[in-house]
Amino acid sequence: MRVPYSWLQDYVSEKLPSPTQLADILTLAGLEVDSIERANQLDWVIVAQVVEIKLHPETEHLFVVQVNAGSFGVKQLVTGAQNLKPGLKVPLALPGASLPNGQTIEASRFKGLLSEGMLCSSQELSWEEPEGKETTGILILPRTANPGDSVAQVLQLGDIVLDIEVTPNRSDCLSMIGVAREVATATGAKLVLPQTMVPVPKSNEDEGSLFDITVAAPDLCHRYAGALISNVSLGSSPAWLKQRLMAAGMRPVNNIVDITNYVMLETGQPLHAFDYSKLAQKQIVVRHARPDEVLITLDGTEQKLTEDMLVIADGEKPQALAGIMGGLNSEITTNTDTVLLESASFANINIRRTARSLGMRTEASLRFERGVDPNGVLFALHRTSMLLKELEAGELGSILDVYPEPVTPHVITANPDRMRRLIGASIEDVFIKKALERLQLQVVQESRDTLQVRIPTFRQDLKQEADLVEEVARLYGFDRIPALPLEGKLKIGRRPLELSIELQIKDILRGCGLDEVQTYSFINPKSMAKLKLSPNDNQENLIPLMFPLSEEQSVLRTTLLPSLLEVAAFNLRHKAKAINIFEISRVYLPERMPLTELPSMPRHLAIVLAGTKGEDSWQSKSQENDFYRLKGILETLIHKLGVSGKFVPSALNCYHPGRQATFKMNENEQLASLGELHPDVAESFDLATRVYALELDLSALFMQMELTRKYQPLPRYPSVERDLALTVPQDIEAIVAEEVIREAAGPYLAQLKLFDVYLGEPIPIGYKSLAYSLLFRAPDHTLTEEDINPHIETILQHAAEKLGAFVRH
């Protein structure tokens, strides 16, 4: 916030410290001063001395004036001013100068003669001459001024301005009075509030016919007051008002608008003036916008409104965006005779959302977003009335105030001993109490170990005892708090077990030739639809974000696959030949929708393979990725993590039928799904090659891992290997046959491996051949045929009974 130094002095009883000292005081008090500058510099406006005056040869209404501009040389000006004579010193605006009224000066020709700038009047410089010394025409400067000097320095134009960084919690400091309150508190001076008119009685039923206020959205509008201003005299504001507004960073418009802006800067309460004659049915209705409503705002932009936006409407249509900007239809014009002045308090979150969605940020919206004191609404109206009377700009009529649920000050209980302990300094109880009272916080009850402190409604940032501790600390002085070394027991940080396992998994996957990627947890819901999941699948329950940055990142993902498939598609479009990627991250699975509690957030592992296993070399060509490589990677991982389970066929929509599987720990607990991506799904992700994908629930895997390493001595006795080819019905899965063999093989079976699957002659129709390699070994002796043959017979018997199998000859 820009705070003019001389304006701030109006609200402090004692003379202010120098600007530099004041900046230090405010910064130590928590209001950081970013810079100190001088406003209204009037660059390229210099002192010039009149040397010669001649009539323009083409017209008797203009003069050609030669002036001495010091180091800028002699300049020729064409002017119609009648009060010039040689020797006078006057303001000269050179080409390129910008005047306070927004005019930019350029060299131009008048009736064929060049004018190298413009001689300025006091009005054009927004400078108010001393009473009784007003001049008509060009401003006459003091004789002591030297040609070429800056007019701003000669007239002492341009107030010193402190640019203060106001933190979001200190909405009370977005006003001159708020900053002055901080200055008075820090320096021990008294706060001087501006004069206001005696409050006008609120409209009674008889006066209610003049206008009516209806708050149809009380949750978004805490208070709404309107004042009727009659006999409006629209015109230019006095120079002092313009200068203060410009120093604070606002452009003067007219006396009515300037007064409302002045009061907003002074009190922190935004105001808005409606042309009363433009309000249909003489009504003010504070309501939600209706579907497809539009409003042309004062900047000439057509705003498309949504139902969550708050508008100020009349009896027919919206007239303003609440707390942001007024509408062009009810703008104050030279024909305006009566004004309805608004002073209100709106819900800050709604104003912030509306301003952000429409891309509008105004001085009013800034204050409403931070929070406006509803109990300051009438004070701002009364202050405005005072200024209107002083400037003869209008007369205050009736005021109507709608305040359904008045906000009252709340009380915070504070413990002085705890405050001292938190601050780290020995501060006396007397100082604590006086510090709170200097902040206009009232100590309503005091006991041996507690203080009951009433918080005024303009301090919306004070909500708990810790906030009072901070206030006392900054008044005591952070520089006075002893600097002590930190004390405490040092603890050696340990890496969580889950993180250690996760790092181990990443090492395993990198060893398998995979590259790690990281993607956003926010995805496009259309990406989930491309997976063609079952409607009953829990992964279809997507959690939407309240304020997404875009549709592409509008929901929380329930699976990692869409993100990795998009990464694969991106790389393939950029001519990558080998896609071997994995990601470990959280997914978000709600118990039910709409969301009523935090969702489950397990960590998942996803792998996507496409193209080749690696890059080609001069020695060999890399092999294509396939399902069995993906399955082998998973087998390597679960083996090294000590997890046991089995692969079983699956029928998921996102995978190719017959080229997919799930990995299960038991019949009910599925850990992973894997397979070749369905061609339709691959096409929807713009993948023109075969793609293999896997997703594993790491959180469930962590619960099943066997982390204890078990060791056994190397075998001392030789093993015996037997091959067994079983002919089984074609619908028998290899894993089922393997379980039957293991169950019947006895204690000597050390290894079982499927090495061939065959269909065709001479295998009967409806059957297939499964060929296994069996390795037998005993820990204490060398096995003989007599040891092994009984177990082979048992295997054949069980296979025949349970599978309908027989030996292939």
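Below you will find a few notes about this structure. What you are looking at is a predicted structure, and each value in this text was computed from that prediction instead of being measured. Within any chain, residue numbers begin from 1 and follow the written order of that chain's sequence. Local features in this predicted model are restricted to residues whose pLDDT is 70 or higher, and side-chain atom pairs enter the listing and the counts only when it is 80 or higher, whereas totals over whole chains, interfaces and linings include all residues. Working from all heavy atoms in the structure, the side-chain values ignore hydrogens and water.

**Brief notes about the environment of glutamate 695**
And then number 1: Secondary-structure assignment places glutamate 695 in strand β34 (residues 691-697).
And then number 2: For each residue, the accessible area found with a 1.4 Å probe, counting protein chains only, is set against the maximum for its type, and the residue is called buried under 20%, exposed over 50%, and partly exposed in between. Among the residues examined, glutamate 695 registers a relative accessible area of 8% and is labelled buried.
And then number 3: When the C-alpha positions of glutamate 695 and threonine 559 are compared, they lie 8.0 Å apart, and in sequence the two are 136 residues distant.
And then number 4: Engagement of the side chain of glutamate 695 in a polar contact is seen with the side chain of threonine 559, the distance being 2.4 Å.
And then number 5: In protein, a polar contact requires one atom able to donate a hydrogen and another able to accept it; more generally it is a pair of N or O atoms within 3.5 Å, and residues adjacent in sequence count only if both atoms are side-chain atoms. For glutamate 695, the side chain forms a polar contact with the main-chain nitrogen of leucine 560, separated by 3.1 Å. Starting at the N terminus, helices and strands are each numbered in turn, a helix being any DSSP run of H or I of at least four residues and a strand any DSSP run of E of at least two.

**So, a nonpolar patch on the surface**
And then number 1: A cluster of nonpolar side chains, contributed by Ile296, Leu298 and Leu328, occupies part of the molecular surface with about 220 Å² of accessible area.
And then number 2: You can see isoleucine 296 is positioned in strand β15 (residues 294-296). Candidate patch residues must exceed 30% relative accessible area and have no salt bridge, after which like charges are joined if within 9 Å and Val, Leu, Ile, Met, Phe, Trp or Tyr side chains if within 5 Å. Method for areas: the Shrake-Rupley scheme with a 1.4 Å probe, in which residue coverage is limited to the protein chains shown. The working definition used for a salt bridge is a side-chain nitrogen of Lys or Arg within 4 Å of a carboxyl oxygen of Asp or Glu.

**Re the sheet that holds strand β29 (residues 578-586)**
And then number 1: We treat two strands as partners when DSSP finds at least two bridges between them. Read across the open sheet, the seven strands follow the order β25-β29-β30-β34-β33-β32-β31; overall the sheet is mixed. Of all the strands in the sheet, just β25 (515-516) and β31 (646-649) have a single pairing partner and so form its edges.
And then number 2: Across five bridges, the pairing between strand β33 (residues 670-677) and β34 is antiparallel. Within β34, the residue paired with glycine 675 across the bridge is alanine 693.

**A short note on helix α5 (residues 239-247)**
And then number 1: Counting buried positions along α5 yields seven of nine residues, so the element is predominantly enclosed.
And then number 2: Turning to α5, its buried residues are Ala239, Leu241, Lys242, Arg244, Leu245, Met246 and Ala247.
And then number 3: Against the buried residues of α5 lie β1 (2-4), α1 (5-9), β10 (160-165) and α6 (255-267).
And then number 4: Phi for glycine 249, located one or two positions after α5, is positive at around 95°. Contacts between residues were defined by any pair of non-hydrogen atoms, one from each residue, lying within 4.5 Å.

**Remarks on unusual backbone geometry**
Residues other than glycine predominantly adopt negative phi, and peptide bonds predominantly adopt the trans conformation.
And then number 1: With an omega of 0°, the peptide bond running from methionine 593 to proline 594 counts as cis.
And then number 2: Position of proline 594 among the secondary structure elements: in the loop between β29 and β30 (603-611).
And then number 3: In the segment running from glutamate 761 into proline 762, the intervening peptide bond is cis, with an omega of 5°.
And then number 4: With respect to the helices and strands, proline 762 occurs in the loop between β36 (749-758) and β37 (767-776).
And then number 5: For glutamate 392, which is not glycine, the phi dihedral falls at a positive 55°.
And then number 6: For glutamate 392, the location among the structural elements is in the loop between α9 (377-390) and β21 (395-402).

**Section: the pairing of β30**
And then number 1: For β30, the tally of buried residues reaches eight of nine residues, placing the bulk of the element in the interior.
And then number 2: Pairing of β29 with β30, which is carried by nine bridges, proceeds in the antiparallel orientation. By the bridge assignment for β30, isoleucine 581 is matched with valine 608.
And then number 3: With seven bridges joining them, β30 and β34 adopt antiparallel strand pairing. Bridging across to β34, valine 608 finds its partner in alanine 693.

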